[in-house]
Amino acid sequence: MSKTPEQLLGQYMKALRPIIYINHFDFETVDRIVENVGNKYFKNRGVNIVEFTESSGWVDFKTKNVHDSGVTELVDFLQLFNTDQFSSVKKETIVILKEVHESLRDKRVFSALQAIARRKSMADDRNTYYRVTVIIVDTKLLIPPEIEKLITVVEVTPPDDAEIKNILERVVGVGKIKEDDLNDITMALSGLSEFEITQIARLAYINDGKIDKNDLNLIFEEKRQAIQKSGLLELVNTAGKVDLGDFDNLTEYLDGKKRIFKNLADARAHGVDSPSGIMLVGMPGCGKSLSATCVAKMFDCPLLKLDIGRLLGKYVGESEENLRKAIQVAEAASPCILWIDEIEKAFAGASGGEVMTRMFGYFLTWMQEKKAPVYVLATANNISGLPPEFTRRGRFDEIFKVDLPTRDGIAKIFEIHIKKRSKGVLPEDIDTDELARLCDGGMYSGADIASIVKEAAEMAYLDPDGMREISQEDLETLIRKTVSSCKSQEKNETFKKMVQALKELDSKPVSKYN
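Rules used in this analysis
- Residues numbered from 1 in each chain as written.
- Predicted model: local features only at pLDDT ≥ 70, side-chain atom pairs only at ≥ 80, totals over all residues.
- Heavy atoms only, no water.
- Helix = DSSP H or I, 4+ residues; strand = E, 2+ residues; numbered from the N terminus.
- Contact = heavy atoms within 4.5 Å.
- Areas by Shrake-Rupley, 256 points an atom, 1.4 Å probe, with all protein chains shown as cover.
- Core = buried A, V, L, I, M, F, W, Y, C linked by side-chain atoms within 4.5 Å.
- Buried < 20%, exposed > 50% of the residue type's maximum accessible area, 1.4 Å probe, protein only.
- Polar contact = N/O pair within 3.5 Å; in protein donor to acceptor, adjacent residues only side chain to side chain.
- Axes fitted to C-alpha atoms, helices over the stretch in contact; angles between N-to-C directions.
- Parallel < 35°, antiparallel > 145°, perpendicular 65-115°, else oblique.
- Left-handed = near helix turned anticlockwise from the far one by under 90°.
- Nonpolar A, V, L, I, M, F, W, Y, C, P; charged D, E, K, R; others polar.
- Patch = residues over 30% accessible without salt bridge, like charges linked within 9 Å, V, L, I, M, F, W, Y side chains within 5 Å.
- Salt bridge = Lys/Arg side-chain N within 4 Å of Asp/Glu carboxyl O.
- Phe/Tyr/Trp six-rings, centres within 6.5 Å; stacked < 30°, edge-to-face > 60°.
- Pairing = 2+ DSSP bridges.

Student: Got a minute to help me understand the overall build of the protein chain in this structure?
Tutor: Assigned secondary structure in the protein chain consists of 19 helices and 13 strands. On the principal axes, the C-alpha backbone points of the protein chain span a range of 95 × 55 × 45 Å. The contacts in the protein chain between residues at least 6 apart in sequence include a share of 78% that link residues at least 24 apart. Summing over all exposed atoms, the protein chain offers an accessible surface of approximately 25200 Å²; the carbon and sulfur share of this is 48%.

Below is the structure:
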């Protein structure tokens, strides 16, 4: 069982960790955690908590009033505690620094922090040591390399189901929310911070004097705003009809996962775990990306797209912080689908760069341990460069292989695209089985077939004799003169490696025709 933030903080302080970094925006919640830790773990000797903010300087921890000392510079504040006298003081001293990430780049500041850490590390007696712990509380995780090894990061996790219910009951009163409504609302609020849950609950209660299922739309609207404000994830528009063609095995599999996902509270009560996600691996242009929209529509959830490249930053810890924030946003937006397109481009080099290795490790750990209803859909073309632990069983619920469509699948894909461009009706003279026969062996992908039908529609529209419907002759002519995208790459070494990796992959086919 994972430890709470209070337990972790207390453990690290008792282990004499000199500098602890809490990356969180809800300072009120962090204040309560720090105070609880001080009272619980150091109640015998007592604790003194002092605070510095970038805006006000030294302030009183309890009242937040500016201290009458007049100290407003961080380096001057730190020097007050950079003395040997704390070795003889019995009380523990907790020095809280808030929103100081910009000042941490100042050589004088990180030098002062290094000196404090050195004093702490020189302890040779459990009863006589330098009793100062620095806790940095900041909305940004920005750690200069000079003090990276001296800092321990503590994550403040979102409230669990029991804590969410307690927060709701503090707002409306115990027993004021119907049990069925309470479970659904709790699930909808999962992933949000205590501050956000309290704000939403108060708004919902003010509207009509109660909190019930009618407030779910309000909760989801607040989550949409959180996604947009983060700038780390893209909210994908899933409007319109989506048909995956011959992905029968995949859709049947997802239908069962959807039932669990939509009734997660009940499923958990019956010992069923939250669905983790799937990975689709296969040829380009075969519908992997389209499947993300289909899954979101099936699950009736928002679709969030994660681009690992846009998370990379130039400072130590910035990339990892962005990944953590992106995951926090996804959890706050849950239930949702988190789509990572061409994941091999993000993590194929995880064994090379130190930053990517840490990000890769964090992502895998989250996939293994996540509790929030975030269904991950990863798509990949070439998995030959992915670390083997990524495709290990247990990371994803299932890995599906997306092969080039066979003859029956090609016929179905032709029918879908022709109907889309013929007012939903398949013209009488179109023989999709014959079209599929002509394509057989040509390594045609779904994208190739869509392109052929698109060009046929243009031919029919621009016919010198006047506009007409797509004809069998148009399509057959285009098939004969079109070289598929995969056929054109047959001799490419990268393409060969991709094909070989797919052959060796232990996975399920998405189509019953494969």
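Student: Help me understand unusual backbone geometry, please; the structure alone is not making it clear to me.
Tutor: Peptide bonds are trans in most cases, and residues, glycine excluded, mostly fall at negative phi. Phi angles above zero are rare outside glycine, and E99 is one such case at about 55°. Topologically, E99 is positioned in the loop between β4 (92-98) and α4 (107-121).

Student: How should the environment of F81 be read in this particular structure?
Tutor: Positionally, F81 belongs in the loop between α3 (74-79) and β4. A C-alpha to C-alpha distance of 43 Å links F81 and L203, two positions 122 residues apart in sequence. Beyond its immediate stretch of four places on either side in the chain, F81 contacts V50, F86, T93, V95, Y130 and V132.

Student: Sorry if this is basic, but what is going on with the nonpolar core here?
Tutor: As a rule of thumb, soluble globular proteins bury nonpolar side chains together. Counting 64 residues, the largest nonpolar core has M279 and F363 as its most contacted members. It is helix α14 (residues 354-369) that provides the largest number of residues to this core, a total of seven residues. Listed in part, the 30 residues of the second largest apolar core include W58, F77, V95 and V134.

Student: Is there a simple way to think about the side chain of S103 in this case?
Tutor: Structurally, S103 is set in the loop between β4 and α4. Among the polar contacts made by the side chain of S103, one reaches the side chain of E54 at a distance of 2.6 Å. If sequence neighbours within four positions are ignored, S103 has contacts with E54, L74 and V109.

Student: Help me understand helix α6 (residues 179-189) in this model?
Tutor: Along an α-helix, residues three or four positions apart point the same way, because every turn accommodates 3.6 residues. Buried residues of α6: D181, L182, I185, T186, M187, A188 and L189, and no others. If you follow the buried residues of α6, they end up packed against α5 (161-172), α7 (194-208), α8 (216-230) and α10 (264-269). Phi for G191, located one or two positions after α6, is positive at around 95°.

Student: Would you mind showing me how to read the packing of helix α12 (residues 318-332) against α14 here?
Tutor: Two numbers describe how α12 lies on α14: the axes approach to 9 Å, and their chain directions differ by 25°. In terms of their interaxial angle, α12 and α14 are classed as roughly parallel. As α12 runs across α14, the sense of the crossing is right-handed. Contacts from S319, E320, L323, R324, I327 and E331 in α12 reach V355, R358, M359, Y362, F363 and W366 in α14. In the contact of α12 with α14, the residues fall into seven nonpolar, one polar and four charged.

Student: Is there a simple way to explain the packing of α6 against α8 in this structure?
Tutor: To characterise two packed helices, one gives the angle between the axes of the helices and the distance between these axes. With their axes 10 Å apart at the nearest point, α6 and α8 run at an angle of 5° to one another. Taken as axis vectors, α6 and α8 run roughly parallel relative to one another. The segment α6 lies against α8, with D184, I185, A188 and L189 engaging L216, I219, F220 and K223. Per-class residue counts for the contact of α6 with α8 are six nonpolar, no polar and two charged.

Student: Any chance you could explain a nonpolar patch on the surface here in plain terms?
Tutor: Taken together, Y461, L462 and M467 make up a surface patch of nonpolar side chains, about 410 Å² in accessible area. Note that L462 resides in the loop between α17 (446-461) and α18 (472-481).

Student: How do you make sense of the packing of aromatic side chains when you look at a structure like this?
Tutor: The description of an aromatic ring pair uses the distance of the two centres, along with the angle that the planes make with each other. Applying the stated criterion to the full structure yields nine aromatic pairs. A centroid spacing of 5.9 Å and a plane angle of 85° characterise the contact between F25 and F195, whose relative ring orientation is edge-to-face. Residue F25 is located in the loop between β1 (19-23) and α2 (27-41), and its partner F195 is located in helix α7; the two are separated by 170 residues in the primary sequence. By relative accessible area, which is 40% here, F25 ends up partly exposed.

Student: Just checking my understanding: could you explain the environment of N166 for this structure?
Tutor: On the secondary structure map, N166 appears in helix α5. Relative accessible area serves as the criterion here: at 42%, N166 is assigned to the partly exposed category. Each C-alpha atom, one on N166 and one on G446, is 51 Å from the other, the two residues being 280 residues apart in sequence.

Student: Can you help me understand the sheet that holds strand β3 (residues 57-59) in this one?
Tutor: Backbone-to-backbone hydrogen bonds pair the strands of a sheet. The strands run either parallel or antiparallel. Pairing within the open sheet is mixed, and its six strands lie in the order β3-β2-β4-β5-β1-β6. Bordering the open sheet on either side are β3 and β6 (151-154), each of which pairs with just one other strand. Adjacent strand axes in the sheet meet at a mean angle of 25° when their direction is disregarded. Both β1 and strand β5 (residues 132-138) contribute to a ladder of five bridges, which runs parallel. Residue Y21 lies in a different strand from β5, and its bridge partner there is I136. Contacts from α4 reach β1, β4 and β5 within the one sheet, and its direction differs from that of β5 by about 140°.

Student: Hey, could you run me through the pairing of strand β12 (residues 398-402) in this one?
Tutor: Sheet faces and side chains relate simply in a regular strand, where the side chains alternate between the two faces. Within β12, five of the five residues are buried, which leaves it mostly tucked inside the rest of the structure. Across the two faces of β12 the burial is the same, with E398, F400 and V402 and I399 and K401 all buried. Here five bridges tie strand β8 (residues 277-282) to β12, and the two strands are oriented parallel to one another. Bridging from a neighbouring strand, L280 pairs with F400 of β12.

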